[in-house]
Amino acid sequence: MSQLSEQEIVRREKLKEFERLGIEAYPAALYEVNATSKQILSTFKGEEGEAEWHVSIAGRIMAIRLMGKAAFAVLEDQHGRIQLYVSKNDLQRGEDSTLWDEVFKKLLDIGDFIGIKGKVFKTKTGETSIHVHEFTFLSKSLKPLPIVKEKDGEIYDSFSDPELRYRQRYVDLIVNQGVRDTFLKRTQIIKTIRDYLNEHGGIEVDTPVLQNIPGGAAARPFITHHNALDTEFYLRIANELYLKRLIVGGFEFVYEFSRNFRNEGMDRTHNPEFTVLEFYVAYKDYFWMMDFTEQLFEKIALKLHGTTDVPVGDNIVSFKAPFKRIGIIDAITEATGVDISAMNEDQLRELCKKHRLEVDATMGKGKLIDELFSELCEKKFVQPTFIIDYPVEMSPLTKKHRSKPGLVERFELMINGKEIANAYSELNDPIDQRARFEEQAKLMERGDDEAMFIDQDFLRALEYGMPPTSGIGIGIDRLCMLLTNQASIQEVLLFPQMKPEKQA
RNA sequence: GAUUCUGUAGCUCAGCUGGUAGAGCAAUACACUUUUAAUGUAUGGGUCUCGGGUUCGAAUCCCGACAGAAUCACCA
């Protein structure tokens, strides 16, 4: 604990004053609440003849404007802020004016929690307020909050240092109006998805985070150690292979909001732990999945914004289904003007070099095409677009295309120049799957540290037979960034990863 | 991981070419019974991120560390 500031000392001294007056600064008893700031503000009209409305509400004091024998204060509860009007007369108890002179005027600080009872009214200037006739101390705040002021939409003295905001998210949530709203939206997005999947027969499951073999994606994992087993485990990079095992087991529609962990760089679109929704539906293919996905996205946008047109940065993104669909080969051909469909690995490498893309010997045909696409095309897709039919080399878990040789039945959903979802007709041929894993093993030998491990148990499961299935992974954090119009992943994660704080 | 920028009061910031720190809000005291960035008067508050160096003298210049942001690389 570092040294206390002057203001912290003052607040601590007030605690002694509480004791002297016999008032509990941290009372144990519940406080009965029968209204919220939002309810009051949205229903009270202040018209003549309107019935008197006595409320009991609780929250944190965010401002005090003391004016002699009366005062205005601002109370913040979960739903918003409401103004309080307090006067000496109303807190007077016979001869005893302690509640006003001592408790309200001297001991109450910005940041303290109080409960109040009073009558709703409108002030001269027309602001709905509560005329307080009783107040109870609920919890004392010992640290001064940053004071953010606002007038006509203009913010003064904002609490804006990103480091402080993310490390002390609790303070950010208290003082910055709108931060709480972003996270409520995140919750609503997830709830909308969950409801939608449940309505369509989805079963929510939990699969292991600690895995022997980190499978289902190309990424570097975190490694941890189990003491009793004296074994290394990996934190999952994806849950795909486990969900498919459940399809083998007879579930026909499973989903999981999967916290995944990847030991890679951090920036404003990457956090070491992040959330992906994956779901798998038996007897479906990737065409069905595109239909289902665009319906889902349209529904989320409507639920959240009441419209399918969502502002994202400088653009308006339309989530109105159906979304555009284009083959990845066509997309690259369009961007480069060169038909790459018949090119071999060396020709592709040359093309990459021509566009000044970094390539090396470990990159196979699939990676080269991926490179071309993500460098030359990805950013162009602002409106939701399904990029479909990827080369087999870059999709080791995807079923071969039913009619296009060399391709697989896969799509990625691009929105605002970013990949938001990735889906396929799942590869369920165990012989083919084994061959694809062996390809990956070769890539690993060539030095690709993101190539997949061979998961023998997963192959064994497939050998028992998996129905034709379509599956998808949707990046929930990025979806939330889109729908809340945030440019940084840290704005949609309550506690984004940070380097450990140095203790003084 | 690389490059650039940033770190001064509880918060947001100022501090020119080196002379030992300032504003607004917040706090404290007083005044004010419908204010709303309330107002007025007065007061207090700082190991200038940390550690070295140059200098008579460093918030300021140099080196290093720590933390954050932006861009790039890797990736979702």
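Residues numbered from 1 in each chain as written. Chains lettered and ligands numbered in written order. Predicted model: local features only at pLDDT ≥ 70, side-chain atom pairs only at ≥ 80, totals over all residues. Heavy atoms only, no water.

1. Some remarks on the overall build of chain A
When helices and strands are tallied, chain A shows 15 helices and 20 strands. Reported as C-alpha extents along the three principal axes, the dimensions of chain A are approximately 95 × 55 × 50 Å. Out of the 504 residues in chain A, the part that is buried amounts to 47%. Of the contacts made within chain A by residues no fewer than 6 positions apart, 64% connect residues no fewer than 24 positions apart. In the structure as shown, chain A presents an accessible area of about 25,800 Å², 50% of it carried by carbon and sulfur atoms. For chain A, the separation between the mean place of its 66 positive charges and that of its 81 negative charges on side chains is 3 Å. (Helix = DSSP H or I, 4+ residues; strand = E, 2+ residues; numbered from the N terminus. Buried < 20%, exposed > 50% of the residue type's maximum accessible area, 1.4 Å probe, protein only. Contact = heavy atoms within 4.5 Å. Areas by Shrake-Rupley, 256 points an atom, 1.4 Å probe, with all protein chains shown as cover. Lys, Arg positive; Asp, Glu negative; His and termini not counted. Charge placed at Lys NZ, Arg CZ, Asp CG, Glu CD.)

2. Side note on the pairing of strand 13 (residues 273-282)
With respect to burial, strand 13 is a largely interior element, 9 of its 10 residues being buried. Where strand 12 (residues 253-261) lies against strand 13, 9 bridges are found, and the strand directions are antiparallel. Across the sheet, Asn-260 pairs through a bridge with Phe-274, a residue of strand 13. In this sheet, strand 20 (residues 469-475) lies alongside strand 13 in antiparallel orientation, the contact comprising 7 bridges. Considered in strand 20, the bridge of Val-276 is made with Gly-475. (Pairing = 2+ DSSP bridges.)

3. Overview of the packing of helix 8 (residues 240-248) against helix 14 (residues 456-463)
When two helices pack together, you describe them by how their axes are tilted relative to each other and by the distance separating the axes. At a closest axis distance of 9 Å, the pairing of helix 8 and helix 14 adopts a crossing angle of 25°. If you check the angle between helix 8 and helix 14, you find them roughly parallel. Every pair of crossing elements has a handedness; the one defined by helix 8 and helix 14 is left-handed. Two secondary-structure elements touch here, helix 8 through Leu-241, Lys-244, Arg-245 and Val-248 and helix 14 through Asp-457, Phe-458 and Ala-461. When the residues that make up the contact of helix 8 with helix 14 are grouped by side-chain class, the tally is 4 nonpolar, no polar and 3 charged. (Axes fitted to C-alpha atoms, helices over the stretch in contact; angles between N-to-C directions. Parallel < 35°, antiparallel > 145°, perpendicular 65-115°, else oblique. Left-handed = near helix turned anticlockwise from the far one by under 90°. Nonpolar A, V, L, I, M, F, W, Y, C, P; charged D, E, K, R; others polar.)

4. Details of the protein's contact with RNA strand B
Around RNA strand B, 59 residues are found, and the nearest of them are Glu-6, Thr-125, Glu-163, His-270 and Arg-478. Among the atoms of RNA strand B lying within 4 Å of the protein, the sugar-phosphate backbone contributes 59%. Between a phosphate oxygen of RNA strand B and a side-chain N or O atom of Lys-14, the distance comes to 2.7 Å. In this structure, Gly-68 approaches RNA strand B through a main-chain N or O atom, which is 3.1 Å from a base nitrogen. Mapped by element, the contributors of at least two residues to the surface near RNA strand B are helix 1 (6-21), strand 1 (54-67), strand 2 (70-77), strand 3 (80-87), strand 6 (149-151) and helix 5 (162-167). Top element by residues in the surface near RNA strand B is helix 5. It accounts for 5 residues. Classifying every residue of the surface near RNA strand B gives 18 nonpolar, 15 polar and 26 charged. (Near = heavy atom within 4 Å. Polar contact = N/O pair within 3.5 Å; in protein donor to acceptor, adjacent residues only side chain to side chain.)

5. Here we look at helix 1
Between its terminal C-alpha atoms helix 1 stretches 23 Å, which fits the 22 Å expected from 16 residues at 1.5 Å a residue. Considered for burial, the residues of helix 1 that qualify are Glu-8, Arg-11, Lys-14 and Phe-18. One face of helix 1 carries all of its buried residues, which in axial projection span an arc of 105°. Exposed side of helix 1, more than 90 degrees from the buried face: Glu-6, Lys-16, Glu-19 and Arg-20 are the residues found there. One or two positions beyond helix 1, positive phi appears at Gly-22, with a value near 75°. (Expected span 1.5 Å × (residues − 1). Arc of directions from axis to C-beta.)

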